[in-house]
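Structural overview for review
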Amino acid sequence: MKDFLRLALILFLFCGISAGLLAFFNQFTRERIEGQALSEKAEALRTVFPDADSFPETEPGRRWDAMKGQDRIGTVFQVSPMGYSGQITAVCGLDKEGRITGMRVLSHTETAGLGAKITTAAFQDQFKGKTIDQIALKKDDAAKGAIDAIAAATVSSRAVTRAVRAGAAAQGGTK
Amino acid sequence: MKLTQELTKGFFKENPILIIMLGLCATLACSTSATDALGMGAAFTFVMIGSNVVISSIRKLVPNQIRIPLYIVVISTFVTIIDYSMKAWAPALSRSLGVFVPLIVVNCIVMGRAEAFAGKNGVLASLMDGIGMSVGFTAVITLIGSIREILGNGTVFGFQVMPSVYQPILIFILPPGAFLVLGFFMAAHKRITNRKGGAA
């Protein structure tokens, strides 16, 4: 009985020291970690809508107004479709004429070397300047589609393309 | 000199990956590119050396019955520190290593060295052991990562090294490639050791 108390106490002591150390370290890094996540998001918003200078949130974490001075010149929205092996998160800018101003994949778990190529400029930059009707894979919509699928990664390419199209259409009014 | 031996045994003779063959999960999963592999090696080095030193210095205070939970507390403290640090100062690397940084907690090399070495030896010897194991681990995982990245993507540390006509052999950056490359490394290691043995 006494032994079991002694062991518990020692374990408790070590856990206490460790918890104290980590609490201190957490305090020390937390702000930086939060700052990193925020600045990454801000950076992504700027790249998908380079003409705008501020992005007030209209729907927390999913939709932002793209403002230039006092004028609203478009919308930035986030989509998160299912890819080949998990969720893909992307942000996309849409101007008032209904053209895509840019698209960036923020996170994904697609296969390295195949689906992971959705993060390359070659794929992402295709969306820029396209109208909603053109946002379709060439192989899915031979007439209007303007997006080349990544070779051997059709599922990932299609997931992003469809989500961007659906997301843009859902913004409504800006056809 | 005994201390030098503790240091150098991890490089080749008792290499943690090729001979002890522990921590293969991290080795296989984090060697898709040279950068990831080196990052994993760095995180591992911090945890390995830190936990070896702390565990050897508290070894006389640790009751035998609860040594394993205590070791895990020490190891996970170091892992959490490196995990937070990477998130704060190297977010891109942290994202590409993902869950494998927290998983160093259950990396069998760290646990194995704590149990087999640091719990029984002095601080200095454990420090040497930790450095040796870390160098051995980091060197092998980075080499595997470089080879997989060159063959599977035509780059190393993100720089194009293969001519643009080279068609990357994708399988090398997919999971089977990790097993293939690791297998060749083990075979090569075995051959070198056998040769040495034959000559002696």
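These notes cover the structure that comes with them. None of these values were measured; they are calculated from a predicted model. (Residues numbered from 1 in each chain as written. Chains lettered and ligands numbered in written order. Predicted model: local features only at pLDDT ≥ 70, side-chain atom pairs only at ≥ 80, totals over all residues. Heavy atoms only, no water.)

**Some details on helix α7 (residues 123-153) of chain B**
If you check α7 of chain B, its first and last C-alpha atoms are 43 Å apart, about what 31 residues at 1.5 Å a residue would give, namely 45 Å. Count one or two residues on from α7 of chain B and you reach Gly154 of chain B, which has phi positive near 75 degrees. (Helix = DSSP H or I, 4+ residues; strand = E, 2+ residues; numbered from the N terminus. Expected span 1.5 Å × (residues − 1).)

**Quick word on the interface of chain B and chain A**
Between chain B and chain A, the contact holds 21 residues from the first and 22 residues from the second. Between chain B and chain A, the buried area comes to about 2000 Å², and carbon and sulfur atoms account for 79% of it. For chain B, the biggest contributors to the area lost against chain A are Tyr84, Ala88 and Trp89 of chain B; these three give 23% of the whole. Summed over the shared surface of chain B and chain A, the number is 1 salt bridge. Between Glu40 of chain A and Arg95 of chain B there is a salt bridge, with its nearest N and O atoms 2.7 Å apart. In this structure, the connection of chain B to chain A is made through 5 residue pairs in polar contact (both at pLDDT 80 or more). Those elements giving two or more residues to the side of chain B that touches chain A turn out to be α4 (67-89) and α5 (91-97) of chain B. Considering each element in turn, the side of chain B that touches chain A owes the most residues, 11 residues, to α4 of chain B. Here the side of chain B that touches chain A is built from residues that sort into 15 nonpolar, 4 polar and 2 charged. (Contact = heavy atoms within 4.5 Å. Buried area = accessible area lost by both parts, 1.4 Å probe. Salt bridge = Lys/Arg side-chain N within 4 Å of Asp/Glu carboxyl O. Polar contact = N/O pair within 3.5 Å; in protein donor to acceptor, adjacent residues only side chain to side chain. Nonpolar A, V, L, I, M, F, W, Y, C, P; charged D, E, K, R; others polar.)

**A few points about the packing of aromatic side chains**
For the structure shown, the criterion picks out 5 aromatic pairs over all chains. A ring pair is formed by Phe123 of chain A and Phe127 of chain A, whose centres lie 5.5 Å apart and whose planes are at 80 degrees; its orientation type is edge-to-face. Given the relative accessible area of 2%, Phe123 of chain A is considered buried. Through successive ring pairs, a cluster of aromatic residues spans Phe25 and Phe28 of chain A together with Trp89 of chain B. (Phe/Tyr/Trp six-rings, centres within 6.5 Å; stacked < 30°, edge-to-face > 60°. Buried < 20%, exposed > 50% of the residue type's maximum accessible area, 1.4 Å probe, protein only.)

**Description of the pairing of strand β3 (residues 71-79) of chain A**
Two faces belong to every sheet, and in a regular strand the side chains alternate between them. Residues and elements named next belong to chain A. Here strand β2 (residues 63-68) runs beside β3; their pairing, made up of 6 bridges, is antiparallel. Across the sheet, Asp65 pairs through a bridge with Thr75, a residue of β3. Here β2 hands over to β3 after 2 residues, with Gly69 in that stretch at a positive phi of 60 degrees. The pairing of β3 with strand β4 (residues 89-95) spans 6 bridges and is classified as antiparallel. The partner of Thr75 across the bridge, within β4, is Leu94. (Pairing = 2+ DSSP bridges.)

**Quick notes on the nonpolar core**
All names here are of chain B. Counting residues in hydrophobic clusters, the biggest one holds 45 residues, and the most contacted among them are Met40, Val47 and Phe137. The element that contributes the greatest number of residues to this core is α4, accounting for 8 residues. When neighbours within four sequence positions are excluded, Val47 is seen to be in contact with Ile75, Phe78, Val79, Ile82, Ile104 and Val110. (Core = buried A, V, L, I, M, F, W, Y, C linked by side-chain atoms within 4.5 Å.)

**A closer look at the pairing of β2 of chain A**
Residues and elements named next belong to chain A. Relative to β2, strand β1 (residues 57-59) runs antiparallel, the two being bridged by 2 bridges. The partner of Glu59 across the bridge, within β2, is Arg63. Between β1 and β2, which pair antiparallel and follow one another directly, the connecting turn spans 3 residues, one of which, Gly61, has a positive phi of 75 degrees.

**Some words on the pattern of salt bridges**
Side chains bearing opposite charge may pair, as long as their charged atoms lie close to each other. Across all of its chains, the model carries 13 salt bridges over all chains by this definition. Across the pair Arg63 of chain A and Glu59 of chain A runs a salt bridge whose closest N-O atoms are separated by 3.3 Å. In the salt-bridge network here, residues are joined through shared partners; they are Glu6, Lys9, Arg113 and Asp129 of chain B.

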